[in-house]
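Spelled out, the chains give:
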Amino acid sequence: MLMATMTPTLEAPPAARRGVWGWLTTTDHKKIGILYGSSASVFFVVGGIEALLIRVQLATPNGEFLSADAYNQMFTMHATTMVFLVIMPAAAAFTNYFLPLLIGARDVAFPRLNALSYWVFLFGGLFLTVSFFLGGAPDGGWFGYAPLSTQVPEVVRMDYWALGLIIIGLASLLASVNFITTIFTMRAPGMTLMRMPVFAWMSLVVNFLLLFSLPIITVGLIQVFLDRNIGTLFFDAANGGDPILWQHLFWLFGHPEVYVLILPAMGIVSEVLPTFARKPLFGRSFVIFSGIAIGFMGFGVWAHHMFTSGLGPVAESAFALTTMFIAVPTGVKIFNWLGTIWGGSLRLNTSMLFSLGFIAMFVIGGLSGVTHAAAPADWQQHDTYYVVAHFHYVLVGGAIFGLISGLYYWWPKITGKLLDERLGKWHFWLMMIGFNLTFAPMHILGLNGMPRRTYRYPEGLGFEFWNAIATIGSFLIGVSMLVLFWNFYRTRRRGEIAGPDPWDGRTLEWSISSPPPEHNFDQIPVVEREDDFWHRKYRTAEDGTAIAIEPPPNMEFERDEDIHLPSPSFYPVLAAAGMFLVVMGLVYVPWGLIAVGAGAVTTLWGLFGWSMEPITREEH
Ligand code: HEM
Ligand SMILES: [Cu+2]
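Note that this is a predicted model, so its numbers are computed, not measured.

Enquirer: In this structure, what is going on with the coordination of the iron atom of ligand 1? I would like to understand it.
Expert: Around a metal, the ideal angle is 109.5 degrees if four donors adopt a tetrahedral arrangement and 90 or 180 degrees if six donors adopt an octahedral arrangement. With distances of 2.0 Å, the protein atoms coordinating the iron atom of ligand 1 are His78 (NE2) and His392 (NE2). Coordination at the iron atom of ligand 1 is octahedral: its 6 donor atoms span angles of 87 to 179 degrees at the metal. Of the two residues, His78 sits in helix α4 (residues 68–103) while His392 sits in helix α14 (residues 385–415), which places them 314 residues apart along the sequence. Its relative accessible area of 14% is what places His78 among the buried residues. Among the residues examined, His392 registers a relative accessible area of 12% and is labelled buried.

In structure tokens form, the structure reads like this:
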């Protein structure tokens with residue numbers, strides 16, 4: 001149903017294959033974007049249900065709804081799902097669909113590698129989730145601290161976690177190589193780096209963060225798997241290993257990862273605000289360079305997650321300082337966004353409301369983050385609900401709000417129809433109120449000492465009232481998402497036709513039809529300045545007002561002669577399916593070795609077939 005609502009209704013591409021086979025073999029960046037978006041939406045429902053089950057358990061003291069064992073699985077999988085199977089693929093959905101359009105390209109640099117990264121991600125997500133039905137899901141927390149994650153190897157749950165994250169990490173690594181190459185080699189003539197839209201810039205920073213951080217955690221995850229299965233002692237303190245080493249390896253990835261989660265949303269907000277304030281982005285190059293600065297500084301703060309791991313005053317002071325410093329480039333962005341809306345003629349539609357909500361909620365999350373940077377204060381806050389409140393303000397109030405703003409902003413380009421604004425506003429206010437009712441009380445619960453990851457609490461500690469409020473709030477978030485899904489369905493059936501430029505946009509994607517043709521641009525645009533499409537429509541008067549250029553620019557072009565598009569291919573999904581067999585087999589060695597062998601052969605067959613098939617086809 002979700003794929004049906006997202007699939008364009010107006011114009012089907014001529015040569016591309018149709019139906020399920022068409023989706024299985026697609027190498028079109030737009031269709032791969034829709035696949036990522038659909039999968040992330042389904043996993044959001046899964047991760048959301050896990051969160052609601054946690055909230056039911058904590059709604060009252062002495063909860064009996066979930067056992068301690070089930071509770072551990074719920075919060076581990078809730079977080080792992082939301083981080084790796086929702087926010088990252090949702091950002092990949094927008095990057096896949098819009099990066100080539102924003103830089104004036106017909107596709108990404110490596111279309112089949114792009115397809116492979118999607119299928120490896122999907123099989124990795126299914127592998128992690130199917131564990132619930134095969135003896136129990138990972139239960140050691142989303143950062144899998146050793147020795148909790150390396151003990152009891154006979155229970156395979158944390159093998160699913162380690163191997164699942166290795167596979168999903170591989171998918172992101174393949175995607176980052178693809179997007180970085182696309183940005184450096186596929187830009188339209190005149191699209192210099194500094195003319196590139198901010199979303200493209202944030203994608204560049206995100207993919208470099210992935211490129212440098214994923215190998216670190218992959219090494220650590222392999223060590224966890226080896227400690228669990230062949231008795232190595234990397235993290236075994238009793239035998240010369242060091243569990244703190246795992247914490248360093250995880251957070252050397254884990255902290256850059258939080259910027260991988262938030263920077264795409266920051267890129268989206270930097271596109272939405274100028275469009276609906278009808279003003280260029282204030283201090284545009286500062287927004288770009290502060291994003292780059294965050295990328296670099298993000299590798300220098302990881303140990304602030306370990307202020308209670310006994311690193312000593314010198315290390316703690318150093319990481320307290322670097323963490324406080326990173327608030328500076330983040331603050332620069334906030335002021336530039338406020339500068340953009342200041343004095344603008346604001347259109348408060350749903351996309352704009354979610355972007356404004358993003359700024360407000362992210363600032364709250366950022367401020368509690370600064371309180372964590374002060375190591376002595378963090379000793380009180382660590383592992384309490386104050387921390388849970390903090391990261392939900394930045395991950396839900398920040399990343400999710402930003403991504404939803406992008407959804408309302410770009411839905412008309414993807415589907416050709418506008419999402420209903422009345423339902424959109426209901427969605428926004430229900431989510432805004434539900435979100436704050438859920439997570440604001442957690443600051444109080446945490447400062448009053450309520451520990452996280454505890455499946456129930458006794459009466460009389462003063463935790464009852466705020467937990468009840470938090471649970472009500474979480475169900476309000478659930479209701480708000482139902483309103484969004486109803487809007488999807490209703491828009492598909494009788495939504496308003498959008499046309500190519502429904503928002504009077506500034507960037508290239510609004511210069512072509514909605515949805516775009518398979519080849520994107522009839523003629524590759526020649527770019528003369530930033531916000532090039534806007535400046536083809538408007539000139540700026542002395543006082544800064546925009547004056548429409550008459551007659552308006554003709555955006556109908558003679559189609560280029562030889563347009564080459566990537567050929568559909570079945571080999572990426574085959575290679576990914578082989579990898580799924582390999583990891584399933586590794587969980588159940590020695591018998592699983594049969595599956596490992598079959599999987600390896602399937603993957604090699606996929607890669608060999610891929611290397612032997614033609615790259616592109618002529619588009620007529
Ligand atoms: C949408 C509604 C959501 C609700 C009601 C919710 C609720 C919760 C609760 C109550 C916990 C604490 C469990 C505990 O420590 O015992 C938790 C943990 C967590 N949540 Fe959420 N959450 C939501 C969305 C998200 C999203 C979108 C993310 C994004 C990444 C996220 C990431 C996490 C993480 C990382 C943890 C820590 C789990 C751990 O300790 O291993 N949550 N969530
Ligand atoms: Cu951090």
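Enquirer: Is there a simple way to think about helix α8 (residues 243–277) in this case?
Expert: Each α-helix turn comprises 3.6 residues. Residues three or four places apart therefore point the same way. A rise of 1.5 Å per residue sets the reference length of α8, with its 35 residues, at 51 Å; its end C-alpha atoms lie 51 Å apart and thus fit the reference within 8%. Where α8 bends most, at Trp251, the angle is about 30 degrees. A side-chain oxygen of the first residue of α8 lies 2.8 Å from the backbone nitrogen of Ile244; this N-cap is Asp242. Positioned one or two residues after α8, Arg278 has a phi angle of 50 degrees, which is positive.

Enquirer: Any chance you could explain the coordination of the copper ion (ligand 2) here in plain terms?
Expert: For the copper ion (ligand 2), the protein coordination sphere consists of His255 (ND1), His304 (NE2) and His305 (NE2), at 1.9 to 2.0 Å. Positions of the donor residues of the copper ion (ligand 2) along the chain correspond to the pattern H-x48-H-H. Of this pair, His255 sits in helix α8 while His305 sits in the loop between α9 (284–297) and α10 (313–325); the two residues are 50 residues apart in sequence, bridging distant segments of the chain. Residue His255 is classed as buried on the basis of its relative accessible area of 6%.

Enquirer: What am I meant to see in the site of ligand 1 here?
Expert: If you check the shell around ligand 1, you find 26 residues, and the closest are Tyr71, His78, His392, Arg452 and Arg453. One of the side-chain N or O atoms of Tyr71 is found 2.6 Å from an oxygen atom in ligand 1. Here a nitrogen atom of ligand 1 sits 2.8 Å away from a polar atom, N or O, in the side chain of His392. Secondary structure elements with two or more residues in the shell around ligand 1: α3 (29–58), α4, α14 and α15 (421–447). Here the shell around ligand 1 is built from residues that sort into 17 nonpolar, 6 polar and 3 charged.

Enquirer: It is not clear to me how the packing of aromatic side chains should be interpreted in this structure. Could you clarify?
Expert: Any two aromatic rings considered together are summarised by their centre-to-centre distance and by the angle between their planes. Counting across every chain of the model gives 51 aromatic pairs. For the pair Trp142 and Trp251, a centre-to-centre distance of 6.0 Å together with 80 degrees between the ring planes defines the contact as edge-to-face. In this pair, Trp142 sits in the loop between α5 (111–130) and α6 (157–185) while Trp251 sits in helix α8, placing the two residues 109 residues apart along the sequence. Accessibility assignment for this pair places Trp142 and Trp251 in one class, buried. When the centroid spacing of 4.6 Å and the interplanar angle of 50 degrees are considered together, the rings of Phe143 and Tyr145 count as tilted. Taken together, Phe84, Trp142, Phe143, Tyr145, Trp161, Phe234, Phe235, Trp246, Phe250, Trp251 and Phe253 form an aromatic cluster joined through their ring pairs. The lysine or arginine in question, Arg453, covers the ring of Phe143, its NZ or CZ lying 4.3 Å from the ring centre. In this structure, Arg506 is placed above the aromatic ring of Trp534, and the distance from its NZ or CZ to the ring centre is 4.4 Å.

Enquirer: Could you clarify how one ought to interpret the side chain of Arg55 in this entry?
Expert: Relative to the helices and strands, Arg55 is located in helix α3. Sequence-distant contacts of Arg55, defined by excluding residues within four places in its chain, comprise Tyr385, Met442, Asn467, Ala470, Thr471 and Ser474.

Enquirer: What is the right way to look at the pattern of salt bridges in this model?
Expert: For side chains of opposite charge, pairing can occur when their charged atoms come near one another. The tally for this structure, following the rule as stated, stands at 15 salt bridges. For Lys30, the salt bridge identified is with Asp28, shortest N-O distance 3.2 Å. Judged by its relative accessible area of 4%, Lys30 falls in the buried class. Overall, the relative accessible area of 8% leaves Asp28 in the buried class. A salt bridge links Asp560 to Arg106; the nearest nitrogen and oxygen atoms lie 3.1 Å apart. Taken together, the residues Asp560 in the loop between β4 (546–548) and β5 (563–566) and Arg106 in the loop between α4 and α5 connect sequence positions 454 residues apart. Through salt bridges with shared partners, one network takes in Arg278, Asp501, Asp504 and Lys537.

What counts and what doesn't
Within each chain, residues carry numbers counting from 1 in the order of the written sequence. As a convention, the first chain written is A and the first ligand written is 1, with the rest following in written order. Only residues with pLDDT of at least 70 are given local features in this predicted model, and only at 80 or more are side-chain atom pairs given and counted; all residues enter the totals for whole chains, interfaces and linings. As a rule here, side-chain values cover all heavy atoms of the structure and leave hydrogens and water aside. Distances up to 2.8 Å from the metal define which N, O and S atoms are donors, and 3.2 Å serves for Na, K and Ca; water is absent from the atom set, so sites may look incomplete. Geometry assignment treats four donors as tetrahedral when all angles are between 85 and 135 degrees, treats four as square planar and six as octahedral when opposite donors are over 155 degrees apart and all others between 65 and 115, and treats everything else as irregular. Counting from the N terminus, the helices are DSSP H or I runs at least four residues long and the strands are E runs at least two residues long. The rule is simple: take the accessible area with a 1.4 Å probe, protein chains only, and divide by the maximum for that residue type; under 20% is buried, over 50% is exposed, in between is partly exposed. Any helix carries an expected span of 1.5 Å times its number of residues minus one. To obtain the bend at a residue, axes are fitted to the seven residues ending there and to the seven starting there, and the angle between these axes is taken. N or O atoms closer than or at 3.5 Å make up a polar contact, with two conditions inside protein: a donor-capable atom paired with an acceptor-capable one, and, for residues adjacent in sequence, both atoms drawn from side chains. For this purpose, a residue is taken to be near a molecule or strand whenever a single non-hydrogen atom of the residue falls within 4 Å of it. Amino acids are sorted into nonpolar (Ala, Val, Leu, Ile, Met, Phe, Trp, Tyr, Cys and Pro), charged (Asp, Glu, Lys and Arg) and polar (every other residue, Gly among them). In summary, the pairing rule links any two rings of Phe, Tyr or Trp, Trp by its six-membered ring, whose centres are within 6.5 Å, and it sorts them by plane angle into stacked for under 30 degrees, edge-to-face for over 60 and tilted for everything else. Only Lys NZ and Arg CZ are tested; either one counts as a charge over a ring when it is within 6 Å of the ring centre and within 35 degrees of the ring normal. Whether two residues touch is decided by their heavy atoms; if any such pair falls within 4.5 Å, the residues are in contact. Salt bridge, as used here: a side-chain nitrogen of Lys or Arg that lies within 4 Å of a carboxyl oxygen of Asp or Glu.

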